[in-house]
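Single-letter residue listing:
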Amino acid sequence: MSSEVTTKPEAPAGAPGREKGRGLGTMLLDAVRQNSRQYGMLFALGLIVVLFQIWTGGDLLLPRNVSNLVLQNSYILILAIGMMIVIIAGHIDLSVGSLTALVGAVAAVLMVQQQIPWPVAVALTLLMGAAAGALQGFFIAYIGIPSFIVTLAGMLLFRGLTEIFLDGQTMGPFPSGLQKVANGFLPEVGPATNYHNLTLLLGLVLIVFVILQEVRDRRRQREFSLQEVPPTLFALKLAALVAVILVATLLLASYKGAPVVLLILAALLVGFGYVMRNAVAGRHVYAIGGNLGAAKLSGVKDKRVTFAVFLNMGVLAALAGLVFAARFNAASPKAGINFELEAIAAAFIGGASMSGGVGTVLGAIIGGLVLGVLNNGMNLVGVGTDWQQVIKGLVLLAAVGFDVWNKRRAGG
């Protein structure tokens, strides 16, 4: 007689029994592999911070230097947000550096020469930035000229107009109200303590917001049967986010508090992050960048979306120009040189793809911070500007190379 042997069926790869048997390290590696584009630059930023913190003998994370880091890179981060959206849509904008210079020049003429109140001048210059972006967007979206050519022409045009408006001279100073936007800090409130009370309160509000947002995203993933990280990794992710926000809050609160421009950046990050993640307009931007033909067949108004993307870039470039001019308290014909390259580099380092359709607003901020920490750290240790350019070029090459490798691995 033949004896029949029964075997217990093997659990599928994602079964709970197998998950329990896997180590935390294995789950962590799997999560990193599945989200390499999202987490790769976060790890790189953390590594760069630790490296320069050791290299500078602790000077990098001094409260005063952290505040300076925010102030010094605020205008590049503003440009990076807009540039990320442009690249997601499958385009490029080479004119933003020249447009920031032109906005600063026009603002100086209005405020310094014409004595127009600075809030009115700010509104006028933002409208001018929107008009410049709309003009370029019209030629790109409706005439069909490639964005590289249109924005290259815009770069030359805006730079020339800057020279004309300033007559080759530096013009300033700006009103104190505008200077406080770029260089000021939140006011002191509440009882006297060793920390800036309002900054502590904002930090706690941000921690609660981030926790609720992460829990909400996880719940939505579960509702739509999407892949979600294991509970242990989710708890570690929340703990890491809370720790980073708490450390940054304490560092800022132990100096003069949060800079005013940091609130502007936070509003832009939350607003554009919501639009790109949740709004129909954001999904349309991803659609035309990922597959233009399919987007058209799906009913996406690609010309209208492209036009809006460049109009938005013009407004953000104008805002960056105002912040830059107010920070240095003068408008200069040489302002904004290479800003477009810094913004493009920040977008690609932050996870944008050369082919479009990929990227996040948070990634643009992370890419800008990578460049900002590199600049600040190398200045603190005395690295020359020549070697700084070499290092930043290698970082950009590595980021784009990582994107290409990631696509090939996914295709394989």
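Residues numbered from 1 in each chain as written. Predicted model: local features only at pLDDT ≥ 70, side-chain atom pairs only at ≥ 80, totals over all residues. Heavy atoms only, no water.

Asker: Report on a nonpolar patch on the surface, specifying residues and quantitative values.
Answerer: On the surface, Leu 135, Phe 138, Phe 139, Tyr 142 and Ile 143 cluster together into a nonpolar patch covering about 460 Å² of accessible area. What makes Tyr 142 partly exposed here is its relative accessible area of 41%. (Patch = residues over 30% accessible without salt bridge, like charges linked within 9 Å, V, L, I, M, F, W, Y side chains within 5 Å. Areas by Shrake-Rupley, 256 points an atom, 1.4 Å probe, with all protein chains shown as cover. Salt bridge = Lys/Arg side-chain N within 4 Å of Asp/Glu carboxyl O. Buried < 20%, exposed > 50% of the residue type's maximum accessible area, 1.4 Å probe, protein only.)

Asker: So what's going on with the pattern of salt bridges? Which residues, and what values?
Answerer: In this structure the tally under the stated criterion is four salt bridges. We note a salt bridge from Arg 216 to Asp 217, for which the minimum N-O separation is 3.9 Å. Note on Asp 217: relative accessible area 16%, which makes it buried. Here Asp 217 and Arg 277 are joined by a salt bridge, their closest N and O atoms 2.6 Å apart. In this pair, Asp 217 is assigned in helix α9 (residues 197-223) and Arg 277 in helix α11 (residues 260-278), connecting sequence segments 60 residues apart. By sharing partners, the salt bridges in this structure join Arg 216, Asp 217 and Arg 277 into a single network. (Helix = DSSP H or I, 4+ residues; strand = E, 2+ residues; numbered from the N terminus.)

Asker: Tell me about the environment of Leu 265, residues and numbers included.
Answerer: Within the secondary structure, Leu 265 is located in helix α11. Accessibility expressed as a relative area gives 8% for Leu 265, which makes it buried. It is 7.7 Å that separates the C-alpha atoms of Leu 265 and Leu 77, two residues lying 188 residues apart in sequence. When residues no more than four places from it in sequence are discounted, the contact partners of Leu 265 are Ser 74, Leu 77 and Ile 78. (Contact = heavy atoms within 4.5 Å.)

Asker: Describe unusual backbone geometry, and please don't skip the residues or the numbers.
Answerer: Each neighbour pair has its own omega, and for Gly 172 with Pro 173 the value is -5°, a cis peptide bond. For Gln 115, which is not glycine, the phi dihedral falls at a positive 60°. Within the secondary structure, Gln 115 sits in the loop between α5 (96-113) and α6 (118-143). Given a relative accessible area of 60%, Gln 115 falls into the exposed group. Residue Asp 167 is not a glycine yet carries a positive backbone phi of 55°. Along the polypeptide, Asp 167 turns up in the loop between α7 (147-166) and α8 (176-183). Judged by its relative accessible area of 64%, Asp 167 is exposed.

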